[in-house]
There are 4 protein chains.
Amino acid sequence: MQEGRRNQLIDAALSLFAEKGYENATIKDLAEACGVAPGLVYHYFDSKEDLLLAVFEKHGFVAELERVLLPSFDRPASEVLLEVVQGYHDLLVERESFVRMIVREAMTNPELEARWTAMCNTGVQTLARYLTARVAAGELRPHDTEISARMLTHPVVVMRLTGGSGQLSSIVSCLLDGITNRRKTGKD
Amino acid sequence: MQEGRRNQLIDAALSLFAEKGYENATIKDLAEACGVAPGLVYHYFDSKEDLLLAVFEKHGFVAELERVLLPSFDRPASEVLLEVVQGYHDLLVERESFVRMIVREAMTNPELEARWTAMCNTGVQTLARYLTARVAAGELRPHDTEISARMLTHPVVVMRLTGGSGQLSSIVSCLLDGITNRRKTGKD
Amino acid sequence: MQEGRRNQLIDAALSLFAEKGYENATIKDLAEACGVAPGLVYHYFDSKEDLLLAVFEKHGFVAELERVLLPSFDRPASEVLLEVVQGYHDLLVERESFVRMIVREAMTNPELEARWTAMCNTGVQTLARYLTARVAAGELRPHDTEISARMLTHPVVVMRLTGGSGQLSSIVSCLLDGITNRRKTGKD
Amino acid sequence: MQEGRRNQLIDAALSLFAEKGYENATIKDLAEACGVAPGLVYHYFDSKEDLLLAVFEKHGFVAELERVLLPSFDRPASEVLLEVVQGYHDLLVERESFVRMIVREAMTNPELEARWTAMCNTGVQTLARYLTARVAAGELRPHDTEISARMLTHPVVVMRLTGGSGQLSSIVSCLLDGITNRRKTGKD
DNA sequence: GATGAATGAGCCTTCATTCAT
DNA sequence: AATGAATGAAGGCTCATTCAT
């Protein structure tokens with residue numbers, strides 16, 4: 001089994017699946033993209049579905065996600081959160097094909113739905129753990145840290161997926177400081 | 001043209017598309033679900049793609065979205081935001097099939113991607129307009145209101161789509177008050 | 001469901017399967033033989049295997065076999081056996097395609113093997129029952145009637161299948177009278 | 001050219017062909033069964049069909065058949081026929097795989113049909129020659145000896161192939177003595 | 001001798017779509 | 001409006017075969 005060829009097929013498959021969707025991408029497409037005969041694909045994978053799973057094996061990034069979302073507990077949120085959100089954002093950009101693919105296929109493929117759900121929740125809980133540590137440290141007030149983790153990360157994904165734009169630093173400052181006006185004004 | 005039959009087909013199509021995905025749902029599936037012959041579908045729609053568009057025509061909910069996300073400008077955010085988030089959440093629940101379908105198909109169908117992007121951004125901007133009004137009213141501090149609108153809405157969608165759970169009220173309170181601890185503690 | 005078209009497909013399938021063997025006969029072959037598009041076959045049958053079963057449903061001939069092999073018990077074997085063997089022979093000729101097909105496929109398809117085994121044994125036992133009656137009637141001597149039934153029928157099948165030739169009447173007379181020389185000769 | 005490897009391939013091919021049928025057995029199956037790479041098969045055989053022929057070359061048993069079916073002319077049939085039938089039966093049991101394979105493939109492969117026809121007829125004629133000798137010797141009455149040869153052998157094959165059972169000795173006694181009742185009874 | 005990656009034709013099957021009734 | 005037989009273009013997959021190593 002030549003790993004090189006196998007990897008080439010997996011990577012090309014990811015591109016195709018992300019671009020056209022799993023069922024619209026044909027084995028022939030894939031073969032052409034790799035400059036090989038269609039039959040060869042079945043030398044490396046049992047089936048198209050098996051290939052899809054192989055794509056996940058190779059391009060899944062739960063580990064990276066956890067690394068990015070888990071700063072050391074003793075660094076202050078005010079300093080670290082922007083790094084985290086930025087890192088999360090960069091990871092999504094780097095893995096955009098994969099993300100678009102999994103978001104799509106998870107909607108109808110139960111196995112993939114489970115994976116993508118797990119990935120999302122793992123990310124949230126990892127970050128929440130850090131935030132909880134900062135609550136304990138007295139930097140942050142006691143609150144639902146899973147929710148604040150979601151408020152930091154979910155807007156980033158949706159923005160990537162819908163072409164929306166916004167400053168990541170604003171996310172952090174809104175969350176840290178809130179949006180309520182605490183200064184006295186003449187109006188109210 | 002029997003409107004009833006047409007509507008029946010569209011609704012059944014939505015269910016099917018949401019459950020199995022557009023490509024995996026067949027015209028025969030649809031016909032069976034409606035108890036009619038496959039050929040009949042083509043009396044009401046030019047093609048399968050045309051049917052997909054008809055589903056959007058009937059089940060798109062930009063209007064509802066705007067209604068839910070636009071409270072009257074003179075009501076305070078502290079009072080209104082939970083209603084808004086809850087209303088948004090309920091709308092997503094009610095339209096879950098549609099949402100799952102569009103999220104999926106938008107990943108690969110440019111026309112649908114445009115619609116879903118527009119829908120998301122419309123929602124965000126609608127809510128942002130209200131928030132901006134509250135900044136002007138002095139209730140909220142000056143900030144990037146589009147971002148805060150995203151922080152209110154995006155976590156809700158992602159939670160629905162990934163089976164995550166969390167209190168909606170926590171979203172509102174985190175955003176309004178921030179998560180920074182402002183009380184003096186022994187530690188800091 | 002147009003029975004006519006269905007029957008046409010089944011009959012053509014029988015010819016093809018008998019001539020080329022089940023796996024060498026293609027759906028395209030079949031469609032061409034019937035002057036229709038390949039896809040149409042699947043309007044009438046779930047799969048190629050389903051079609052094979054339908055061929056059995058329509059062309060199996062256990063009933064005819066039993067009719068041919070069961071004369072009335074009171075007619076003497078000396079009179080009736082030639083009719084039986086001839087009738088059996090004629091039935092095989094008439095159903096040659098089916099027989100060749102089942103003989104072939106039974107070798108590897110367990111379900112078909114069961115059917116063909118049952119068919120063969122049913123035939124043997126039916127004829128044996130008649131012979132037993134003739135033993136009881138005193139016309140035939142007590143003996144293993146299942147074996148004599150086999151000696152009457154099996155040579156006929158094998159001859160058909162291997163292009164061998166021989167007088168059917170000889171089979172009957174050999175069996176009835178034996179081949180031992182009972183006259184005195186000078187030699188022995 | 002390693003004869004050992006070649007023989008191993010042929011024997012494994014016979015098993016596979018008998019079990020699954022020629023078309024359903026793949027070269028890969030064969031290679032796996034022998035623990036070698038698929039390509040190696042083509043060092044020993046030009047093609048799959050060539051391999052099939054090689055199986056015949058090695059496993060055909062016309063010689064054995066003739067040996068079994070040709071007793072010395074001066075031994076009496078009454079003594080020898082049971083040996084012959086039993087020997088024929090044992091040969092079929094020993095070569096069951098081959099028999100099942102050839103029966104199957106002969107139905108559709110003209111070349112194999114010729115071989116199997118020839119084999120059957122050779123057997124019949126060999127035995128018939130002996131029987132004719134016994135007629136000349138006065139032990140047996142003049143009759144169609146080819147038919148009696150068939151009546152001795154064909155039931156045995158069919159029984160093997162259809163899971164039927166019966167005493168071989170009954171075959172011999174039915175044929176030698178006939179089944180007609182020659183004793184006086186009250187009835188007749 | 002031996003490997004196994006690579007080929008490519010062809011198979012079964014699916015499915016959007018058409019159309020005569 | 002409604003049917004469902006019929007089409008035909010792919011699509012996933014298999015497999016005998018080749019060939020560079």
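Look above for the structure.
Residues numbered from 1 in each chain as written. Chains lettered and ligands numbered in written order. Predicted model: local features only at pLDDT ≥ 70, side-chain atom pairs only at ≥ 80, totals over all residues. Heavy atoms only, no water.

## Some words on the relation of the copies chain D and chain C
In step 1: With an RMSD of 0.3 Å, the operation that places chain D on chain C is a rotation of 180° combined with a shift of 0.1 Å along the axis. These values place the two chain copies in the arrangement generated by a two-fold rotation axis. Closest approach to the rotation axis within chain D is made by the C-alpha atom of G178 of chain D, at a distance of 1.6 Å.
In step 2: With an isologous cut-off of 70% or more, the 98% of interface residues of chain D that recur at the interface of chain C puts this contact in the isologous class. (Least-squares fit on C-alpha atoms with pLDDT ≥ 70 in both. Contact = heavy atoms within 4.5 Å.)

## Structural notes on the arrangement of the chains
In step 1: A gap remains between chain A and chain C, which never touch, and the nearest two C-alpha atoms on either side lie 21 Å apart.
In step 2: No interface is formed between chain B and chain D, the nearest pair of C-alpha atoms being 31 Å apart.

## Overview of the protein's contact with DNA strand F
In step 1: By nearness alone, 32 residues border DNA strand F, and Y42 and K48 of chain A together with M1, H43 and Y44 of chain C come closest of all.
In step 2: Each atom of DNA strand F within 4 Å of the protein was classed as base or backbone; sugar and phosphate made up 71%.
In step 3: Taking K48 of chain D, its main chain carries an N or O atom lying 2.8 Å from a phosphate oxygen of DNA strand F.
In step 4: A per-class count over the surface near DNA strand F returns 16 nonpolar, 12 polar and 4 charged. (Near = heavy atom within 4 Å. Polar contact = N/O pair within 3.5 Å; in protein donor to acceptor, adjacent residues only side chain to side chain. Nonpolar A, V, L, I, M, F, W, Y, C, P; charged D, E, K, R; others polar.)

## Points about the relation of the copies chain A and chain B
In step 1: Rotating chain A by 180° and moving it 0.0 Å along the rotation axis overlays it on chain B with an RMSD of 0.2 Å.
In step 2: A high fraction, 100%, of the interface residues of chain A reappear at the interface in chain B, so the copies pair face to face through one surface.

## A short note on the environment of E19 of chain D
Residue and element names in this part refer to chain D.
In step 1: On the secondary structure map, E19 appears in helix 1 (residues 3-20).
In step 2: A relative accessible area of 56% places E19 in the exposed class.
In step 3: Along the primary structure E19 and T162 are separated by 143 residues, whereas in three dimensions their C-alpha atoms are 15 Å apart. (Helix = DSSP H or I, 4+ residues; strand = E, 2+ residues; numbered from the N terminus. Buried < 20%, exposed > 50% of the residue type's maximum accessible area, 1.4 Å probe, protein only.)

## Brief notes about the protein's contact with DNA strand E
In step 1: Neighbouring DNA strand E are 32 residues, the closest being M1, A37, H43 and Y44 of chain A together with Y42 of chain C.
In step 2: Taking the atoms of DNA strand E that fall within 4 Å of the protein, sugar and phosphate contribute 71% of them.
In step 3: Within the side chain of R5 of chain A, an N or O atom sits 3.1 Å from a phosphate oxygen of DNA strand E.
In step 4: A distance of 2.7 Å is found between a phosphate oxygen of DNA strand E and a side-chain nitrogen or oxygen belonging to Y44 of chain D.
In step 5: Considering only residue class, the surface near DNA strand E consists of 16 nonpolar, 12 polar and 4 charged.

## Overview of the interface of chain D and chain C
In step 1: Contacts between chain D and chain C engage 56 residues on the former and 55 residues on the latter.
In step 2: Between chain D and chain C, a total of about 4900 Å² is buried, with carbon and sulfur atoms accounting for 56% of that surface.
In step 3: Considering only the side of chain D, the residues that lose the most area to chain C are M107, R141 and I179 of chain D, jointly responsible for 16% of the buried surface there.
In step 4: At the boundary of chain D with chain C, the tally comes to 6 salt bridges.
In step 5: For R104 of chain D, the salt bridge goes to E105 of chain C, with nearest N and O atoms at 3.5 Å.
In step 6: Across the chain D-chain C interface, the total number found is 27 residue pairs in polar contact (both at pLDDT 80 or more).
In step 7: A total of 11 residues in the side of chain D that touches chain C trace back to one element, the largest contributor, which is helix 9 (residues 145-162) of chain D.
In step 8: Class assignment for the residues of the side of chain D that touches chain C results in 20 nonpolar, 20 polar and 16 charged. (Buried area = accessible area lost by both parts, 1.4 Å probe. Salt bridge = Lys/Arg side-chain N within 4 Å of Asp/Glu carboxyl O.)

## Some thoughts on the side chain of S170 of chain D
In step 1: Tracing the backbone shows S170 of chain D in helix 10 (residues 168-177).
In step 2: Take S170 of chain D: its relative accessible area is 13%, and that puts it in the buried class.
In step 3: Those residues in contact with S170 of chain D, other than ones at most four positions away along the chain, are D144 and I147 of chain C.

## Quick word on the packing of aromatic side chains
In step 1: Within the structure shown, the criterion is met by 16 aromatic pairs over all chains.
In step 2: Ring geometry for F73 of chain A against Y130 of chain A: centres 6.4 Å apart, planes inclined by 50°, an arrangement best described as tilted. Here F73 of chain A is found in the loop between helix 5 (62-69) and helix 6 (77-94), whereas its partner Y130 of chain A is found in helix 8 (residues 110-136), with 57 residues between them in sequence.
In step 3: Look at F73 of chain A and you get partly exposed, because its relative accessible area is 40%.
In step 4: For Y130 of chain A, a relative accessible area of 0% corresponds to the buried category.
In step 5: Ring centres of F56 of chain D and F98 of chain D lie 5.0 Å apart, and the angle between their planes is 65°; this geometry places the pair in the edge-to-face category. Of this pair, F56 of chain D sits in helix 4 (residues 48-59) while F98 of chain D sits in helix 7 (residues 96-106); the two residues are 42 residues apart in sequence, bridging distant segments of the chain.
In step 6: By relative accessible area, which is 6% here, F56 of chain D ends up buried. (Phe/Tyr/Trp six-rings, centres within 6.5 Å; stacked < 30°, edge-to-face > 60°.)

Such coordinate-based values are descriptive only and should not be taken to indicate function.
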